[in-house]
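Commentary on secondary and tertiary structure
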Amino acid sequence: MHSRRFSTLPAIFVLTFIYFVAGKLGLRFASFHASASPVWPPVGIALAGLLLLGYRVWPAIFVGAFLVNVTTMGNIATSLGIATGNTLEAICGAWMVNRFARGTRAFDRAQDVFTFSLAAIVSTLVSPTLGVTSLALGGYADWTKYGPIWTTWWLGDAAGDLIVAPLVLLWAIGSTREWSRRDVIEVGVLLLLLVGLSEIVFGGWLAISARNYPISFICGPIVIWTAFRFTQRETATGIFILSAIAIWGTLRGFGPFVMETENHSLVTLQAWTAVLTITAMALSAAMAERRRAEVAIEQQKSAVEAANRTKDNFLAMLSHELRTPLTPVMSALDSLQQDLAQSDETKSALAMIQRNVELESQLIADLLDLTRIAKNKLDLKFDPVDAHDAVRNVIEICQAEAKAKLLRVYIDLRAGAHYVSADAAKFQQIIWNLLKNAIKFTPEGGEITISSCNSAPQSLTIAVRDTGIGIDPSIMERIFNPFEQGELSAQRRFGGLGLGLAISKSLTEAHGGTLVAKSEGQNRGTTFFLTLRTVPPQPQIAIATAAPSCSRSLRILLVDDHSDTCTALERLLIRRGHLVAATHNVRSAMEAVVRNHFDLLISDVALPDGTGLDLMKQVRAIRPLPGIAISGFGANGDIEKSLQAGFADHLIKPIKLETLEAAIGRAIAS
Ligand code: ADP
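Anyway, here's the lowdown on the structure attached to this text.

A few points about the overall build of the protein chain
Scanning the protein chain from N- to C-terminus turns up 23 helices and 14 strands. A compact globule built from 670 residues should have a C-alpha radius of gyration of about 26 Å, whereas the protein chain, at 42 Å, is more than 25% larger. Viewed in the frame of its principal axes, the protein chain has a C-alpha envelope of about 125 × 65 × 50 Å. For the protein chain, the proportion of its 670 residues judged to be buried stands at 49%. Considering only contacts in the protein chain between residues 6 or more positions apart, those separated by 24 or more positions represent 74%. With 60 positive and 58 negative side-chain charges, the protein chain shows a separation of 4 Å between the mean positions of the two kinds.

In structure tokens:
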């Protein structure tokens with residue numbers, strides 16, 4: 001990947017100039033042979049140039065190298081040979097990096113940094129081989145010194161690629177990192193420390209650098225720190241600065257790399273810097289990879305959370321929409337059941353309809369519970385509850401079902417301390433879920449035992465044991481997840497949505513307790529253990545308070561835009577002896593209020609031209625009128641809003657006759 005932003009000729013011209021200047025600078029470090037320098041920055045500039053601008057700028061390297069050499073040593077032929085070597089080396093290096101290390105993105109990943117380093121080491125074999133051979137053939141180099149000259153040349157080139165190319169590339173590409181004030185301060189501190197330490201080791205400030213102690217390693221932590229905290233660009237820059245100070249100091253006789261000759265010193269120093277570069281750049285790239293992975297995980301997390309919110313909203317909406325049509329069905333059912341002149345067949349058909357509507361209603365309630373749990377909107381009222389009473393209640397509710405399946409239900413409640421601090425209704429719901437499952441998953445003629453014990457001081461465990469189909473160990477971990485039913489249930493179609501245990505577990509945890517399942521495996525029964533902390537026995541709170549009912553005939557204004565619901569409720573209320581005016585929106589309801597005198601307003605919350613809450617406020621501005629809000633939404637916030645608007649009650653659809661009657665009684669009495 002290279003840029004076409006620069007037209008070829010000017011790019012070649014500029015690159016030739018830079019190459020020439022860098023080459024002349026590099027040759028100032030050539031002490032062993034005038035054409036072989038252990039410090040050779042042009043090679044890194046050439047490689048970066050080809051990677052950034054494309055192979056088309058190769059003439060810049062050729063001309064630049066030719067000019068550097070022809071003005072240094074040798075003749076035109078040797079200079080042409082060296083220039084050819086330098087150009088081929090750069091092309092070869094660029095090709096390898098493009099092919100194997102993702103080109104200009106070579107420093108994005110640690111594995112590409114290693115490939116880049118390998119390409120630098122291998123491609124730089126070309127120039128010294130062609131160069132030294134040209135010089136020796138032309139008589140400008142002693143064949144006997146071929147080896148040392150070649151080594152100096154190669155090391156200078158490899159180090160040049162490793163130290164200079166990343167610097168040029170990374171500054172040319174630019175960085176996407178946003179710098180905070182803290183970052184700027186930190187990088188400033190790092191730079192100061194790096195310069196300070198480099199000066200201590202190589203600068204001759206302290207005696208240790210003059211005495212050439214081998215303490216170059218003390219610069220390592222600063223470079224590693226840069227690699228950890230900042231991007232590859234800062235790391236490459238740090239190393240470049242360190243390298244410059246180290247070369248400068250070593251030439252003045254300071255630092256651990258000073259040896260008998262200048263060339264020896266620089267060759268060793270360059271080898272050290274090259275190794276440090278590979279390590280630091282690889283580390284820096286790995287850190288960048290990690291940061292990218294963290295960002296990707298964060299993005300995925302947000303996407304999953306958003307999807308989850310959408311799902312919760314969908315479930316809330318769905319349960320609302322599913323509830324609405326149930327209200328007229330239940331109301332009509334109530335009306336029909338009031339009719340005494342029914343044949344046995346009709347009675348049993350109505351009972352069957354009621355059972356199924358109630359089942360449907362329960363499934364919807366479960367969905368709503370789940371969304372409330374997911375949104376952390378569970379509102380639990382904790383009171384001392386007699387757990388044994390709750391268990392007996394649940395057994396009574398489920399008795400008919402167990403009997404129908406010829407199941408024997410044993411009760412063994414022997415816990416001495418059996419009061420727990422709980423939300424009475426929710427606590428009962430947990431036990432109900434467990435017993436319903438035991439009945440559902442136990443074949444005819446099986447046994448269910450509900451027992452209690454104080455497994456530890458101040459701890460009550462209720463066990464629901466069955467002799468049913470059992471749970472395979474492979475799904476044991478998952479059965480408490482929402483919608484999880486295990487494969488067995490899917491195959492055998494036991495019904496349900498797979499929410500009961502998820503809700504029970506969340507409710508148990510909200511009570512500070514634990515719910516665990518144990519099973520020996522398939523067809524070997526299951527036991528659920530519900531454990532809660534006990535509290536001292538106290539007068540128990542009744543689960544439901546008796547509601548006053550209203551016996552007199554009322555003038556009721558009924559507002560609901562769902563015409564079936566409206567009609568069914570209207571019929572129901574008329575059958576109970578009330579006078580009902582039914583309207584479908586805020587406007588017609590207000591007209592009715594202005595014209596007539598009503599005893600009670602029953603209004604849906606969501607209306608086509610406003611809300612039931614707005615309606616109540618407008619009505620109360622004219623005259624006080626008791627009201628009951630009805631809605632498919634029943635979260636605490638919804639109920640609160642209705643009460644604040646002036647409604648005496650908030651009923652959640654589908655509405656049962658007794659619930660409505662009790663609410664009417666309360667509203668009129670208040
Ligand atoms: P549902 O009963 O609607 O499927 P639950 O959340 O109550 O959902 O149960 C989840 C799954 O756990 C069931 O589908 C079933 O596979 C397994 N399970 C629950 N209780 C029992 C039990 N008593 N015996 C065997 N399997 C059970």
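Picking up where we left off.
Description of the site of the ligand
Taken together, 21 residues are adjacent to the ligand, and N437, D466, Q485, G498 and L501 come closest. Here an oxygen atom of the ligand sits 2.8 Å away from a polar atom, N or O, in the side chain of N437. One of the backbone N or O atoms of G498 is found 2.9 Å from an oxygen atom in the ligand. Within the complex, the protein chains bury 96% of what would otherwise be the 530 Å² of accessible surface of the ligand. Within the residue set of the shell around the ligand, elements represented by two or more residues are α15 (424–440), α18 (500–510) and β7 (526–533). Examining the composition of the shell around the ligand, we find that three residues originate from one element, α15, more than from any other. Here the shell around the ligand is composed, by residue class, of nine nonpolar, nine polar and three charged.

Regarding helix α4 (residues 76–100)
Under the 1.5 Å per step criterion, the end-to-end length of α4 is 36 Å for 25 residues, consistent within 8% with the ideal 36 Å. Of the residues flanking the start of α4, the one acting as N-cap is N75, its side-chain oxygen 3.0 Å from the backbone nitrogen of A77. Positive backbone phi, approximately 60 degrees, marks R102, located one or two places after α4.

Things to note about the pattern of salt bridges
Counted by the stated rule, this structure contains 17 salt bridges. Where R290 meets E294, a salt bridge forms, and the shortest distance between an N and an O atom there is 3.2 Å. Placement of the pair is R290 and E294 together in helix α12 (residues 262–338), with a separation of four residues, close to one helical turn.

Brief notes about the packing of helix α2 (residues 41–53) against helix α7 (residues 146–173)
Contact geometry of α2 with α7 gives a least axis separation of 6 Å together with a crossing angle of 45 degrees. As summarised for this structure, α2 and α7 are arranged oblique, according to the angle between their axes. Remark: the crossing between α2 and α7 carries right-handed chirality. Contact with α2, carried on its side by P41, V43, G44, I45, L47, A48, L51 and L52, involves G156, D157, G160, D161, V164, A165, V168, L169, A172 and I173 of α7 and no other residues of that element. Within the contact of α2 with α7, the residues separate by chemical class into 13 nonpolar, three polar and two charged.

Here we look at empty space enclosed by the protein
Following the criterion strictly, the structure yields four cavities of 30 Å³ or more and no others. By volume, the largest cavity amounts to about 70 Å³. Lining the largest cavity are L27, S35, A36, S37, W40, N69, I82, N86, W153 and D157. Among the elements of the structure, α4 and α7 are those that each provide at least two residues to the lining of the largest cavity. When grouped by side-chain class, the residues that make up the lining of the largest cavity number five nonpolar, four polar and one charged.

What to know about the sheet that holds β7
Pairing within the open sheet is mixed, and its five strands lie in the order β2-β4-β5-β7-β6. Edge positions in the open sheet fall to β2 (408–413) and β6 (514–519), since each of these has one partner strand only. Adjacent strand axes in the sheet meet at a mean angle of 15 degrees, parallel and antiparallel pairs treated alike. Packing against the sheet, α15 makes contact with β4 (447–456), β5 (459–466), β6 and β7, and its axis sits at approximately 25 degrees to β5. Its contacts with the sheet place α18 against β6 and β7, and it is angled at close to 135 degrees to β6.

Criteria and cut-off values
- Residues numbered from 1 in each chain as written.
- Predicted model: local features only at pLDDT ≥ 70, side-chain atom pairs only at ≥ 80, totals over all residues.
- Heavy atoms only, no water.
- Helix = DSSP H or I, 4+ residues; strand = E, 2+ residues; numbered from the N terminus.
- Rg over C-alpha atoms; globule rule 2.2 N^0.38 Å.
- Buried < 20%, exposed > 50% of the residue type's maximum accessible area, 1.4 Å probe, protein only.
- Contact = heavy atoms within 4.5 Å.
- Lys, Arg positive; Asp, Glu negative; His and termini not counted.
- Charge placed at Lys NZ, Arg CZ, Asp CG, Glu CD.
- Near = heavy atom within 4 Å.
- Polar contact = N/O pair within 3.5 Å; in protein donor to acceptor, adjacent residues only side chain to side chain.
- Areas by Shrake-Rupley, 256 points an atom, 1.4 Å probe, with all protein chains shown as cover.
- Nonpolar A, V, L, I, M, F, W, Y, C, P; charged D, E, K, R; others polar.
- Expected span 1.5 Å × (residues − 1).
- Salt bridge = Lys/Arg side-chain N within 4 Å of Asp/Glu carboxyl O.
- Axes fitted to C-alpha atoms, helices over the stretch in contact; angles between N-to-C directions.
- Parallel < 35°, antiparallel > 145°, perpendicular 65-115°, else oblique.
- Left-handed = near helix turned anticlockwise from the far one by under 90°.
- 1 Å grid on protein atoms, 1.4 Å probe; cavity = no way out; pocket = protein on both sides within 12 Å on 5 of 7 lines; lining within 4 Å.
- Points joined across faces, edges and corners; volume = space filled by probe spheres on them.
- Pairing = 2+ DSSP bridges.

Fair warning: the whole summary comes from geometry, so function is off the table for now.
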